[in-house]
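Here's the letter readout for the chains.
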Amino acid sequence: MPLKIAKSGCAGETAMSARRNVNIRVPVLARVEGEGALEIDISGDAITNLKLRIFEPPRYFEKFLEGRSHEDVLDTVARICGICPVAYQMSAVQALEAAFGVEVDDWVRDARRLFYCGEWLQSHSLHVHLLAAPDFLGFDNAIAMAARYPDIVRRGLMLQALGNEIIRLLGARSVHPVGARIGGFWRAPRPDQVESLAERLEAALPQAEALVVWAGTLPVPDQTQPFTSVCLRHPTEYPMTGGRLVSDRGLDIAIEDFDQHFAEQHVPRSTALHCLLDGEPYLVGPLARLNNNFDRLEPRARTALEQTGIGFPSANLYHSLLARTVEIFQVMLEAVALLRRYRMPTQAYIDYEPVAGTGCGCTEAPRGVLWHRYEIDSAAAVASARIVPPTSQNQARIEADLRGSLQALGLDRPEEELRRRGETVIRNYDPCISCATHFLTLKLRR
Amino acid sequence: LSTPIRVLGLGSVQGPDRFGWAVVDALAEAPAFRELPQGKVSLHRLERPDSATLEALCDAELAVLVDALVSDDAPSGRLLRLEGLNELAAVHSLSTHGLDLPTLLQIGRALGELPRRVIIHAVTIDATCALSPEASREDPGPAVAAAISPCIEAIVGDLRSHLAAQAPADG
């Protein structure tokens with residue numbers, strides 16, 4: 001990713017009257033994926049306006065795909081995000097294979113899960129150590145945190161690198177990988193590559209386990225709130241590459257029935273669509289997954305979480321960071337097991353014949369549910385595409401959380417404290433604004 | 001990664017962002033580079049800034065980083081040379097993904113894992129070009145491609161002067 005010469009810094013603008021009308025502006029949110037702004041108006045003891053604005057330009061990926069060969073889809077959707085390209089490829093391939101009636105074999109299923117484990121590992125490690133943890137430890141950024149907690153930051157960078165290695169093993173490179181194809185992968189990794197990575201991951205397991213315990217000691221606000229947790233649920237696996245869409249409030253549907261319960265809508269302040277479940281905000285991502293799937297954790301990951309003394313399901317959104325660390329340990333355990341049982345296949349994909357049809361795909365990106373739907377025409381080209389990323393699903397929930405969290409903190413608190421809490425709330429969701437555009441700067445008036 | 005001097009090209013396969021890799025590849029073939037003392041300088045191609053980048057910098061004496069830099073003001077192809085992290089303060093990343101090169105280098109400094117000298121050679125990319133179809137082509141485009149040879153000359157110049165300054169100590 002290229003650098004850019006700065007034209008101006010980002011800074012909050014403040015104005016406070018004797019009547020406690022406060023005006024806060026965060027023109028560009030730091031430590032989030034992408035560009036967005038927060039605008040809050042407070043008049044006395046009421047929030048009169050609160051907007052999480054997403055202003056990155058719309059990217060029209062769905063339109064770009066129309067008319068292109070079905071074979072272009074995986075490499076195109078990988079470009080939507082530099083940090084979760086595997087998620088885009090896996091939801092897309094699932095949808096296309098559903099459209100073509102392709103059933104992959106166990107080798108491909110295992111390899112895809114391993115590929116996805118790598119993405120969760122690198123994405124979660126980056127977010128926990130460099131984006132979110134500074135908020136809870138009182139630092140402005142990871143640079144300041146690194147000086148005080150060097151070993152924690154080193155551990156985070158090491159885990160992120162291991163995640164990138166897994167992606168590279170199957171995807172040829174960690175950024176916008178090119179290894180996946182319909183039916184499987186273009187090539188299978190050599191056993192010696194697999195063995196070497198398995199050894200490195202296995203050696204790092206104690207550090208991942210210690211990370212969970214460390215996350216449980218972080219001083220997060222003690223604040224609960226009502227919300228609906230939505231995620232995939234699989235009969236036996238921790239949710240990632242398949243299952244039914246469920247919530248902790250009774251939703252239990254096949255992924256093909258998404259449109260019957262979920263609806264996207266435009267809002268003027270955002271280039272991202274807001275997605276609601278039966279008209280209400282909901283949560284996707286690590287906390288939602290863990291709330292609904294504690295019983296699907298690997299025994300060692302469950303034990304590590306239990307050692308923290310923090311119970312799940314949790315109604316404290318700040319336990320999202322702890323949930324991410326549990327998922328880091330979970331995917332490392334899974335990745336070691338998958339690598340240890342690796343066998344070189346004669347062919348890394350199964351052959352298929354494209355046919356006209358429609359298919360849905362739904363997997364768990366690091367940030368939550370990622371739903372795709374493709375209609376393929378008789379020329380094997382994309383007739384229509386729909387992509388619902390996790391951040392657009394979390395947007396309404398983030399705004400509801402901001403409103404509740406700032407009220408709970410106290411609207412009479414100093415403006416800087418309100419601004420910091422607002423940014424902490426948003427970063428806690430690990431929003432990927434670039435993916436959602438189809439977004440942060442804080443404006444506060446009171 | 002055992003050489004005291006390392007040249008690290010950062011980039012990707014696409015468009016002008018390929019510059020860092022293209023310079024490292026061309027350096028490997030450049031007679032002026034091949035004339036440098038054996039075993040002192042190594043060349044590396046890296047993807048996104050991450051711990052692998054810090055690992056590549058660790059215990060080095062001098063690190064030369066080569067990257068592309070999007071500018072709102074400069075046309076594509078202008079070469080910039082920055083030395084030390086303070087000069088990087090004027091640069092912020094286009095990366096929307098949390099860990100950019102300036103941040104990574106500052107974390108490296110906080111961790112005490114940076115070489116004594118860090119030099120950055122960068123080529124500017126016009127902001128409109130960065131968003132154009134040209135950015136997704138495999139070649140870096142004519143203006144950026146034209147900057148590869150002068151960049152190699154500048155890097156070899158830095159390497160020669162650093163080695164010359166080290167020579168009395170080595171002797």
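A brief look at the structure comes next. Note that the structure is predicted; figures quoted are calculated from it, not measured.

### Here's the deal with the sheet that holds strand β9 (residues 244-247) of chain A
Residue and element names in this part refer to chain A. Here we have 3 strands laid out as an open sheet, ordered β8-β9-β10, and antiparallel in their pairing. Each edge of the open sheet carries a strand with a single partner, namely β8 (230-233) and β10 (252-253). Where β9 and β10 come together, 2 bridges link them in antiparallel fashion. Each bridged residue has a counterpart across the sheet, and for L245 the counterpart in β10 is I253. On top of the sheet, helix α9 (residues 286-293) reaches β8 and β9; it is set at about 55° to β8, its chief contact.

### Some details on the nonpolar core
One broad trend across soluble globular proteins is that nonpolar side chains are buried collectively. Within the largest apolar cluster, 140 residues are counted, with the highest numbers of intra-cluster contacts made by L201, M332 and Y374 of chain A. For this core, the leading source of residues is helix α4 (residues 106-137) of chain A, giving 15 residues. What M332 of chain A contacts, discounting residues up to four positions off in sequence, is L121, L159, L162, L201, A204, L205 and A208 of chain A. With 29 residues, the next largest nonpolar core counts V24, V70, I125 and I155 of chain B among its residues.

### Digging into the pairing of strand β4 (residues 36-43) of chain A
Residue and element names in this part refer to chain A. Counting buried residues along β4, 7 of its 8 residues qualify, which places the element largely inside the surrounding structure. Bridge analysis of β4 against strand β5 (residues 46-54) gives 5 bridges, and the strand direction is antiparallel. Residue pairing across strands places G36 opposite I54, the latter belonging to β5. The antiparallel pairing of β4 with β5 creates a hairpin that spans 2 residues between the two strands, and G44 there sits at a positive phi of about 65°.

### Brief notes about the environment of E165 of chain A
Residues and elements named next belong to chain A. For E165, the position within the fold is in helix α6 (residues 150-171). The spatial distance from the C-alpha of E165 to the C-alpha of K63 is 32 Å, given a sequence separation of 102 residues. At 2.6 Å, the side chain of E165 and the side chain of R168 are in polar contact.

### Some details on the sheet that holds strand β15 (residues 382-388) of chain A
Remark on secondary structure: sheet strands pair via backbone hydrogen bonds, oriented parallel or antiparallel. Residue and element names in this part refer to chain A. Strand order in the open sheet made by the 3 strands is β13-β14-β15, with antiparallel pairing throughout. For this open sheet the edge positions go to β13 (357-365) and β15, each flanked by a neighbour on one side alone. Each strand axis lies, on average, 10° off the axis of its neighbour in the sheet, ignoring direction. Sheet topology note: the strand β14 (residues 368-376)/β15 ladder contains 6 bridges and is antiparallel. Paired with E375 across the bridge in β15 is S384.

### Things to note about the side chain of H162 of chain B
Residue and element names in this part refer to chain B. If you trace the backbone, H162 turns up in helix α8 (residues 148-170). Classification of H162 as buried rests on a relative accessible area of 3%. Each residue touching H162, except ones within four places of it in the same chain, is listed here: I5, E61, L62 and R117.

Cut-offs used in this document
Residues numbered from 1 in each chain as written. Chains lettered and ligands numbered in written order. Predicted model: local features only at pLDDT ≥ 70, side-chain atom pairs only at ≥ 80, totals over all residues. Heavy atoms only, no water. Pairing = 2+ DSSP bridges. Helix = DSSP H or I, 4+ residues; strand = E, 2+ residues; numbered from the N terminus. Contact = heavy atoms within 4.5 Å. Axes fitted to C-alpha atoms, helices over the stretch in contact; angles between N-to-C directions. Core = buried A, V, L, I, M, F, W, Y, C linked by side-chain atoms within 4.5 Å. Buried < 20%, exposed > 50% of the residue type's maximum accessible area, 1.4 Å probe, protein only. Polar contact = N/O pair within 3.5 Å; in protein donor to acceptor, adjacent residues only side chain to side chain.

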